[in-house]
Structure formats: structure tokens, C-alpha cells
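# Survey of secondary and tertiary structure
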Amino acid sequence: MTPVAPTGPRYRSTGWGPFSTRTWREYSYLWVALLLTPFTLATPFLAIGLGTGLAVTVVGLFAAGGVVLLGRAWGGLFRGLGRGMLGVDVPAPVPWRRPRGRGFWAHVRAFVGDGAAWRGLAFCFLSSLLTIVSFALSTAFLGYGLGAVTYGYWYRFLPWQTASDGTRHHGAQFADGWFVDTTPRIWALALSGVVLLLIWSPLTRGLVHLSRLLMRGLLGPTRASLRVAALEQSRSRTVEDADARLRRIERDLHDGTQARLVAVAMQLGEAKEQLASVPREEVAAPLELVTTAHTGVKDALVELRELARGIHPPALEAGLAVALETLVARSPLPCTVDVDPDVEAAPAVEAIAYFCVAELLTNAVKHSGATGAYVLVTRETDGDGRATLRLRVRDDGQGGAQVVEPTGDGSRTGLAGLVERVRSVDGSWTLSSPLGGPTVVTVSLPLDVAPAI
Amino acid sequence: MRIAIAEDSVILRDGLVALLTRRGHDVVLAAGDADALLAGIAATAPDDRPEVAVVDIRMPPTFTDEGLRAALRLRAEHADVGVLLFSQYVETRYAAELLSGDARGVGYLLKDRVADVSEFMDALERIAAGHTVLDPEVVTQLMGASRTDDGLARLTAREREVLELMAQGRSNGAIAETLFLSYGAVEKNVTSIFAKLDLPPDAGDHRRVLAVLRLLKVPPVE
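Quick caveat, the model's predicted, so the values are computed rather than measured.

Conventions and cut-offs
Residues numbered from 1 in each chain as written. Chains lettered and ligands numbered in written order. Predicted model: local features only at pLDDT ≥ 70, side-chain atom pairs only at ≥ 80, totals over all residues. Pairing = 2+ DSSP bridges. Helix = DSSP H or I, 4+ residues; strand = E, 2+ residues; numbered from the N terminus. Axes fitted to C-alpha atoms, helices over the stretch in contact; angles between N-to-C directions. Contact = placed C-beta atoms within 7 Å. pLDDT = per-residue confidence, 0-100. Domains from an automatic or database assignment. Nonpolar A, V, L, I, M, F, W, Y, C, P; charged D, E, K, R; others polar.

To continue, consider the sheet that holds strand β9 (residues 439-446) of chain A. All names here are of chain A. The strand order β5-β6-β7-β9-β8 describes an open sheet built from 5 strands, whose pairing is mixed. The outermost strands of the open sheet, each flanked by one partner alone, are β5 (335-339) and β8 (428-432). Recorded for the sheet is a direction-independent mean angle of 15° between the axes of neighbouring strands. Across 5 bridges, the pairing between β5 and strand β6 (residues 373-381) is parallel. Bridging from a neighbouring strand, Val-337 pairs with Val-375 of β6. Its contacts with the sheet put helix α10 (residues 347-368) on β5, β6, β7 (387-395) and β9, and the angle it makes with β7 is roughly 15°.

Shown next, in the form of C-alpha cells:
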């Protein structure tokens, strides 16, 4: 499931077979995992048990949700163990997403519906079983192997036993009367110990590799979640790029074309005045030409200014409040604008907020018959501590506003365009416009364009 | 007249210098950013200080409101230097900030206005003489921003027209010419405006500025 899937561990190993550091490191992983087993095994049962048992009580769902999220914590711990002891680098899954909406069910959904947490719980369960089996097998091989190899020394401390024929022996009795206490038998046992130890090393590695596979399969991000994360990232980059490009175009217009046109207008103005000061009949034709050109340049400057303002209002560089004050002052509708000074959003978000207000005021003027509007921009904290820019435009018009879905030819009408702008940064919006008014549009935008990772 | 210029666009700065020089003015300082302007004026002997500084609002390094900041500092440190803010755009907030101090000897014009050369020269001289010169667009916007004002409701349409022209820094004679009124009729309107806005006669010529500030809803500094 992970994009990088190397088959073996990534650490250096010295020694060979049962003496290699790799085998011992992986064996010690089994110890650590075994010590954690009581807890890892309990977590999934606790989650399911709490969830079903307490579902009738509202608080129970939250408690169960919290335990589900423990799946993520275990996942993090085991990814760390995997990195440190097993040489496997599993990337973390996509972070837990705060609920989009407000309210109880949104939270419960976000808790209980978290895929990565459930996969973490599944890992806990499967890994616990696997660990118990692996540990038992591996330890048995290691124990028998070491015991058999060293048998020749310690068998003499075993208690005396009497065989059926009355002889007394030290040592292990494998069959009735068949004691391992003669030199050939001791050597044979030692040899079997060596064989067991030789098997122990690949056996342990193989069993631990199963754990490794389990980590890769359940603790990493899923392909779909990786894709969503990549898409979100590229979208926020696109939004930022577009904003930066518009900014640059406006700056270029300001520094280049507009300045040049002003200089030309200035020269034409002077030429006009100089021509006007000589006797009229001699220069009537050129004076008229210059006058026409002069007027044309002045009109062009006005048009260019409006165009540039539509591309990117320069006052946004000085903050949303400054830009909005000018916007409402230029609106034919008497408006009050109130901007919370704490609102500090990314430039692209401020631009979206600005154009939302512009669009809403234009709509109010065109369709609502309003006599006044109120614009309020505040910094809000939504249900889970995520700071947002909230903007509310209220007019006292006749109401009945609605979103017209975009037509096929790509042209968008007022509110639909606004909705798309808001969605481009994962913002949300609400429209309340009963017949008879008032119309209130509330837009919530994240302060930052990038997804909260 | 001694004039200082702060404008980051070379083409416009050179054009302005050439224009003002041809008109017989003395451009004592032509700076490319706000710091150079302030440093240049601070370094000049009081007698040689420019009478008016023409300041672009959007200048390096941040291209936001450097010019406005410089203008406000200039007003605070050298009140005898008139300031004309000169910009491609009119921002309501900037106009209000500029006018919230002592509004005498300040102006805010769109750069386009330099196309009408004589009017531009006239504006510079009015600023040097301590008048307030505002772009018609500044006036519209500040009025748009203060439409809830009720103090001006008592003015007649004609009086309002006269007051708006006063806000642009016009003299009574110029207002008469623009509105096709007799000089006496304009004077009568002006007196009536002062009366309706409760501006006492002892305020002298300052009444004109006070009336304009009332129109623009900017609190005057006492």
C-alpha cells in the first residue's frame, strides 16, 4: 500500500546466522511487542465493546470515538518500533481530519469513521496474535537450541533418576530408560541444538517479516488517501499561484503601462496648452487632434484603473480592511463595513473574501432593491479550534436570492461563481434569503490555503 | 516654487521634473522612495525646504502605503511643507488618514490629473498656500463612506454642490465659474452652509476647511 516498498530491512547487519545483530534485534522486537500485547489486544475490544455497549448513551459514542483514535496512537508507536528495530520506514497515514461541520454528529463521524484509526485497531489485533505465535515459536527454538548445545555442561546438575533396570542416571530421559548421559549422545544432542539455532535465525526473521508486512499494509496511508492529499496540495498551490499571478499582472500594469500612459497624458496636456496659447487659426487642426488624443488617453487611464482593480485590488496589499473600505465607499449602496483587526489570512484567502464581498454587494444593488448593507468580517474559531475568516454580508432588500447553477457554456452567474471561489479553498457558506428579506450570506474561509497538515 | 518629488517610476519622475521645470518651478529633490525623500528634506536648511512635496503612495519596498506614511511624518515634522499624495488609486482609508490631522496644506490627487497641466499647477499652488485639494474621486468616496451622516441633511442640493467643490479646494470664484452662478450667489451659499453646519464666524478662513471636513466626516484636530 505504500509507494516505497523495499522488501528487506534497511539497517546494517554484522555477524552471521544466529550470531548476526539483525536476528537478535528482530528477536528483541518480539519481546517488546509481547510486553505490549495485553494493551494492544485490549484496545480493539475496548473500542468495539464501548461503542456497542454505550451507544445508547450519547457520551458513550464519544468515549468509543476516543478509543478508536487510540488506534492511530498505537499505529504511531509501532511505526516507530518498525523504524528503530525492524528497519522498515512506513510513512504516516493522512492526519486525522477535524470534522467539517459543527455539531455532535459531525464529531462522532470524525471519531468513529476514521479509517486510519480502524486500520490501526486491526493491526493491534492481528499483530498481537502474530506476536504471541512468533514469540512462542522463536523462543522455543532459541531455548531448545541453547539448552541442547550447552547440555554437556549442565546435565550433571540434574537430579539422579533411576531407570526401570535399576541403574541411576543424570540427565534427560527421552524414552523409557534412554538417558542422554553418554558422550556420543551428548554430542548428538549438541548437534541438534546447533541445527535448531541455525533454523532459529531465519525462522525469527521470517516471522518478524510478517509483522513488517502487517505494518506496511495497515499502518501506512492508503493509496486513495495519498491521492487526496496530493490533490489537495496541488489545488492549494494552484490557488496560490493564480493569486500571485494576478498580483503580478496588476503590479506590472501599475509600474509599466499606467505610469507610461500618465506620462503620455501629461505630455499631451502640455502640448494642448502650448497649442492653445498660439493664434487659433494657425493650429486649429493639430489642436483638435491633440485634444482628442488627450481625452482618449485620460479615458484609457480610467478604464485601465478599473480593469486593474478587477484583476487585483492593490489595497489588498495593505490588508482586507483597507481594500473593503474603498470597495464599500465606491458602492452605490450605503454600506457599513466592520473588519476585526485580528483577521490575518493568507493573501489568496483575503482576495477571495474581497471578491465575495464585491460580488454580494453588486448582487444587492442589482437584484435586491436594498437601501443599505452591512459587511462584517470576523475571526472565528470553529468547533474544533480551527481558526477561520468569517464574512457576513447582510442587506435589507426583498430577499429571494438563490444560486443559479452554472450553464454549460462556462459562464457563471453571481452566487454560483462565489460558491466556486469559496469551495476552491474548502470554505463553506450559507445563504438565508426569505422572500421579503433580509438576505444574509455567511462565508467561512480557512485562514490558510494549504490543507491543515 | 520649490518642489520635492518622491515617485518610484523613473519615466513619471523625469516627466514631472521636466514639466515643473518648464513651468518655472524649482525641483529641489527628486527621490525614488520615501526614505530618500524624508532624508533629503531633513538635510535641507529650513529656508531652502520645498514648499510642496509630491508623494507617490505606492513605493518600494513593500509597494503599499509607504508614501502615505512618509506624508504623515512630513506633516508632523515639517508642517510648513505642503504634501500632495499622488496615486493611481484612491483608497478611502488613506484619504481619511491624511485628512485626520491638520488638513491645511495637503492634497490627494489621482495621477491622471497631471494630464490637465494648468489645473495640476494650480493645485500645487493652492496646497503651498495652505489649502486642501482633493480629487473628485476622493470626495465621492469619502462621502460614500459617510452616507449615514445626518448633519448635512439640512443643506440644499445647490449648497451641497458648492460644498463638494469647496472640498476639491476651489475658490469662490472658481465655484461660480463651474456652476454658472454669480460670485455673490456663491458667497451667499457659502455663508448659508457655515450657518447650517454651526460653524461660528470667528473661525475665520478656517471655516472652509472645517466645513469640508464635516462633509467628509473627518474629525478636525483641535
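Following the structure, the description resumes.
Quick look at the sheet that holds strand β6 (residues 133-134) of chain B now. Through backbone hydrogen bonds, the strands of a sheet pair up, either in parallel or in antiparallel fashion. Residue and element names in this part refer to chain B. Strand order across the open sheet formed by 6 strands is β2-β1-β3-β4-β5-β6, with parallel pairing between neighbours. In this open sheet, the two edge strands, each paired with only one partner strand, are β2 (26-31) and β6. Where strand β4 (residues 82-87) and strand β5 (residues 106-110) come together, 5 bridges link them in parallel fashion. If you follow Val-83 over to β5, its bridge partner there is Val-106. Each of β1 (2-6), β2 and β3 (52-56) is contacted by helix α1 (residues 10-22), which is oriented at about 170° to β2, the strand it contacts most.

Our next topic: the confidence of the model for chain B. Per-chain confidence: chain B averages 86 in pLDDT, with 91% of residues scoring 70 or above. Reported confidences for the modelled complex are a pTM of 0.70 and an ipTM of 0.75.

What follows is about the domain arrangement of chain B. Residues and elements named next belong to chain B. Partitioning chain B into structural domains gives domain 1 (2-135) and domain 2 (146-216). Distance from the C-alpha centre of domain 1 to the C-alpha centre of domain 2: 26 Å. Taken together, the 9 residues of domain 1 in the interface contact 7 residues of domain 2. When its residues are assigned to classes, the side of domain 1 that touches domain 2 shows 5 nonpolar, 2 polar and 2 charged.

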